[in-house]
Amino acid sequence: MAVPKRKTSKARRDKRRSAVWKLNTPAMSKCDNCGAIKAPHKVCKKCGFYKGVKVLNLDAE
């Protein structure tokens, strides 16, 4: 069985247990056309606009 050669220091142990690796919240932005919350660089799911241009036709739904 493997046995540690030296005691792990408190700093090294706590560095490993820190919350550095946890994920950040996803970035969100407002749609320029309707004002809905959407992911940046994506088409708005509410109105179908992207950068002021109608990309999706959502009237049929």
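K.L.:
Would you take a moment to explain the overall build of the protein chain for this structure?
P.N.:
Scanning the protein chain from terminus to terminus reveals one helix and four strands. Reading the protein chain from its N end, one meets helices and strands in the order α-β-β-β-β. Taking 10 Å as the expected radius of gyration for a compact globule of 61 residues, we find that the protein chain reaches 24 Å, considerably beyond that expectation. Dimensions along the principal axes, computed over C-alpha positions, put the protein chain at roughly 70 × 25 × 15 Å. In the protein chain, which comprises 61 residues, the proportion classed as buried is 13%.

K.L.:
Would you mind showing me how to read the state of the cysteines here?
P.N.:
The bond known as a disulfide is covalent and runs between the sulfur atoms of two cysteines. Here the structure, examined in full by the defined rule, presents zero disulfides. Of all cysteine sulfurs in the structure, the one in Cys47 sits closest to Cys31, which takes part in no disulfide; the separation is 3.7 Å. According to the relative accessible area criterion, Cys31 is buried, its value standing at 6%.

K.L.:
So what exactly am I meant to see when it comes to the side chain of Lys38 here?
P.N.:
Take Lys38: it is sitting in strand S2 (residues 37–38). Buried Lys38, no salt bridge; nearest opposite-charge side chain is Asp32, N-O distance 6.8 Å. A distance of 3.3 Å separates a polar atom in the side chain of Lys38 from the backbone oxygen of Lys42. Discounting residues that sit within four places of it in the chain, Lys38 has contacts with Met28, Ser29, Lys30, Cys31 and Cys44.

K.L.:
Help me out: how do you make sense of unusual backbone geometry in this one?
P.N.:
Keep in mind that most residues, glycine aside, have a negative phi and that most peptide bonds are trans. Even without being a glycine, His41 presents a positive backbone phi close to 65°. Of note in this structure, Lys51 is not a glycine but carries a positive phi near 55°. When its relative accessible area of 67% is taken as the criterion, Lys51 is described as exposed.

K.L.:
Please clarify how the layout of surface pockets should be interpreted in this entry.
P.N.:
In this approach, a probe sized like a water molecule rolls over the atoms, and the result shows the empty space that is left. Quantified by volume, the largest pocket comes out at close to 160 Å³. Lining the largest pocket, in full, are Lys30, Cys31, Asp32, Asn33, Lys38, Pro40, His41, Lys42, Phe49, Tyr50, Lys51 and Gly52. Each residue belonging to the lining of the largest pocket can be placed in one class, and the counts come to four nonpolar, three polar and five charged.

Criteria and cut-off values
Residues numbered from 1 in each chain as written. Predicted model: local features only at pLDDT ≥ 70, side-chain atom pairs only at ≥ 80, totals over all residues. Heavy atoms only, no water. Helix = DSSP H or I, 4+ residues; strand = E, 2+ residues; numbered from the N terminus. Rg over C-alpha atoms; globule rule 2.2 N^0.38 Å. Buried < 20%, exposed > 50% of the residue type's maximum accessible area, 1.4 Å probe, protein only. Disulfide = S-S within 2.5 Å. Lys, Arg positive; Asp, Glu negative; His and termini not counted. Salt bridge = Lys/Arg side-chain N within 4 Å of Asp/Glu carboxyl O. Polar contact = N/O pair within 3.5 Å; in protein donor to acceptor, adjacent residues only side chain to side chain. Contact = heavy atoms within 4.5 Å. 1 Å grid on protein atoms, 1.4 Å probe; cavity = no way out; pocket = protein on both sides within 12 Å on 5 of 7 lines; lining within 4 Å. Points joined across faces, edges and corners; volume = space filled by probe spheres on them. Nonpolar A, V, L, I, M, F, W, Y, C, P; charged D, E, K, R; others polar.

None of this, on its own, says anything about what the molecule does.
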